[in-house]
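# Structure at a glance
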Amino acid sequence: MITLLKQSREWGIVLKMKNKLFDIFHLLFYYKIIFFCFSTLAVLAFLFFGSSNSIIVYGILIICLNISAIYFLDRNRKIEIEQIRSLINKITNNSQLNSQSFSLDKNLSLLEKDIRLIFEKIQNDFARLEKLQRVRTEFLGNVSHELRTPIFAIQGFLETLLDGAINDPKVNRNFLEKAKTHTISLSNLLNDLIDISMIESGEMRLSFRYFFLNEFLSQIINELTPIAESKKIRIIFKPNEKDLQVFGDKNKLKQVFINLIQNAIKYTDEGTVEIILTAEEKNVKIIVRDSGIGIPEYDLSRIFERFYRVDKARSRAAGGTGLGLAIVKHIVEAHGSKVEVHSELYKGSEFSFRLKKG
């Protein structure tokens, strides 16, 4: 793959240089036309204003002078063309070439600048392609690992049941429930993969409209309260003004709030999860705050990466796919906002973003 990229880069640069060489050849042709016209005009001038003898002498002198001028111009152009060819060879044969090391004659300064810009752009494009290739490889590896874990678990439980455990009332139901849990995890992972694929490919369609935020959040909190109560965690919702409206896609924003509140519950062993609304001049700031285990400072910059987990064992045990915060980030950015994170280890975390106020 890398070899193909380098070959494409070389051919791209050569094609760009070829166009520049054609420009120079056209310039040489232009000089020859000037020579022909100038000589013709000079001869005509002497025909009308000079003697017959002087016409021949002056005509020969003018022709000689023009031939000499064309010779030196042509020689200079050949030197410049050779410089360009040499530079092209350096570019195609030396992958470590730096754009600042380009050096052409001062008469070719504009061409040198163009070559430098072309070279830098192509270098940047191929560096980006190589980075995307690494990200793709890493992504495929992560997906394979995440799919393999629940599939192997389900396979193990089913094989154990088929080997005779299905007749043992002490374990058969337990094994079936565990297999069901892993199928749910697998389903969640596939749904998140579809979501992240649609978002990053630009196929996600948003339906923006104004809606009442307090009622919207109350419904989500009612859905998640049983999960919090099972861990003896209290959800505190602090609505702002009555009839507060925001502008956004309700379905996608529901996905954002469920992810953030579920994460807050998941990583809080005891205490509270707060949802706070703060009305600003043009926006509403939404804060999801917990009193959980917090996030180490060196992990904060990476928590929105796909499949990145701060606590891998805990996340998988709780059914996390590792894609939730990546989806949250993309949806919030599609609403023209940004997710901000503040966290202190063993004291809790705070996620916040803004929505346009109605």
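An account of the accompanying structure is given in this report. For clarity, every value in this text was computed on a predicted model and none was experimentally measured.

Conventions and cut-offs
- Residues numbered from 1 in each chain as written.
- Predicted model: local features only at pLDDT ≥ 70, side-chain atom pairs only at ≥ 80, totals over all residues.
- Heavy atoms only, no water.
- Helix = DSSP H or I, 4+ residues; strand = E, 2+ residues; numbered from the N terminus.
- Buried < 20%, exposed > 50% of the residue type's maximum accessible area, 1.4 Å probe, protein only.
- Contact = heavy atoms within 4.5 Å.
- Axes fitted to C-alpha atoms, helices over the stretch in contact; angles between N-to-C directions.
- Parallel < 35°, antiparallel > 145°, perpendicular 65-115°, else oblique.
- Left-handed = near helix turned anticlockwise from the far one by under 90°.
- Nonpolar A, V, L, I, M, F, W, Y, C, P; charged D, E, K, R; others polar.
- Salt bridge = Lys/Arg side-chain N within 4 Å of Asp/Glu carboxyl O.
- Phe/Tyr/Trp six-rings, centres within 6.5 Å; stacked < 30°, edge-to-face > 60°.
- Lys NZ or Arg CZ within 6 Å of the ring centre and 35° of its normal.
- Polar contact = N/O pair within 3.5 Å; in protein donor to acceptor, adjacent residues only side chain to side chain.
- Expected span 1.5 Å × (residues − 1).
- Bend = angle between axes of the 7 residues up to and from the residue.

## Points about the overall build of the protein chain
- For the protein chain, the helix and strand inventory stands at 8 helices and 7 strands.
- When the 358 residues of the protein chain are sorted by exposure, 36% land in the buried category.

## Focus on the environment of Phe-208
- Position of Phe-208 among the secondary structure elements: in the loop between α4 (172-200) and β1 (209-212).
- For the pair Phe-208 and Gly-248, spaced 40 residues apart in the sequence, the C-alpha separation amounts to 4.6 Å.
- Leaving out residues up to four positions away in the same chain, Phe-208 has contacts with Phe-247, Gly-248, Asp-249, Ala-334 and His-335.

## Points about the packing of helix α6 (residues 250-266) against helix α8 (residues 324-334)
- Interhelical geometry of α6 versus α8 gives an angle of 140° and a closest axis separation of 9 Å. Relative to α8, the element α6 is oriented oblique. As for the relative orientation of α6 and α8, their crossing is left-handed in sense. Contact residues: Lys-252, Gln-255, Val-256, Asn-259, Leu-260 and Asn-263 in α6; Gly-324, Leu-325, Ile-327, Val-328, Ile-331 and Val-332 in α8.
- Here the residues of the contact of α6 with α8 are counted per class, giving 7 nonpolar, 4 polar and 1 charged.

## Observations concerning the pattern of salt bridges
- Scanning the entire structure with this criterion turns up 10 salt bridges.
- Here Glu-274 and Arg-289 are joined by a salt bridge, their closest N and O atoms 4.0 Å apart. Taken together, the residues Glu-274 in strand β4 (residues 271-279) and Arg-289 in strand β5 (residues 283-290) connect sequence positions 15 residues apart.
- Judged by relative accessible area, Glu-274 falls into the buried class, the value being 14%.
- Owing to a relative accessible area of 30%, Arg-289 belongs among the partly exposed residues under this scheme.
- A salt bridge links Glu-305 to Arg-302; its shortest N-O distance comes to 3.0 Å.

## Structural notes on the packing of aromatic side chains
- Summed over the entire model, instances satisfying the criterion amount to 7 aromatic pairs.
- Ring geometry for Phe-216 versus Phe-257: centroids 5.9 Å apart, planes at 70°, classification edge-to-face. One end of the pair, Phe-216, is in helix α5 (residues 213-230); the other, Phe-257, is in helix α6, with 41 residues separating them in the sequence. In terms of burial, Phe-216 and Phe-257 fall into one category: buried.
- Here Phe-304 and Phe-351 contribute two aromatic rings whose centre-to-centre distance is 6.5 Å and whose plane-to-plane angle is 80°, an arrangement assigned as edge-to-face. Taken together, the residues span a long stretch of sequence, with Phe-304 in the loop between β5 and α7 (312-317) and Phe-351 in strand β7 (residues 348-357) at a distance of 47 residues.
- On the basis of relative accessibility, which here comes to 18%, the residue Phe-304 falls in the buried class.
- Residue class for Phe-351 comes out buried when judged on its relative accessible area of 10%.
- Members of the aromatic cluster, joined through ring pairs, are Phe-211, Phe-216, Phe-257 and Phe-353.
- Directly above the ring of Phe-247 sits Lys-356, whose terminal nitrogen or CZ lies 5.4 Å from the centroid.

## Notes on the packing of α4 against α8
- Where α4 meets α8, the closest approach of the two axes is 10 Å, and the angle between their N-to-C directions is 35°. Between α4 and α8 lies a crossing of left-handed hand. Here α4 contributes Asp-192, Asp-195, Ile-196, Ile-199 and Glu-200 to the contact with α8, which in turn contributes Ala-326, Ile-327, His-330 and Ile-331.
- Residue classes in the contact of α4 with α8 are distributed as 5 nonpolar, 1 polar and 3 charged.

## Things to note about the side chain of Gln-255
- Positionally, Gln-255 belongs in helix α6.
- At 2.9 Å, the side chain of Gln-255 forms a polar contact with the side chain of Asp-195.
- When neighbours within four sequence positions are excluded, Gln-255 is seen to be in contact with Asp-195, Ile-327 and Ile-331.

## Regarding α5
- Compared with the 26 Å implied by 1.5 Å per residue over 18 residues, the 26 Å span of α5 between its first and last C-alpha is a close match.
- Taken as a whole, α5 carries its principal kink of about 40° at Leu-224; the proline Pro-226 stands between one and four residues after it.
- All of the buried residues along α5 are Leu-213, Asn-214, Phe-216, Leu-217, Ile-220, Ile-221, Leu-224 and Ala-228.
- The secondary structure elements touched by the buried residues of α5 are β1, β2 (233-238), β3 (245-248), α6, β4 and β5.

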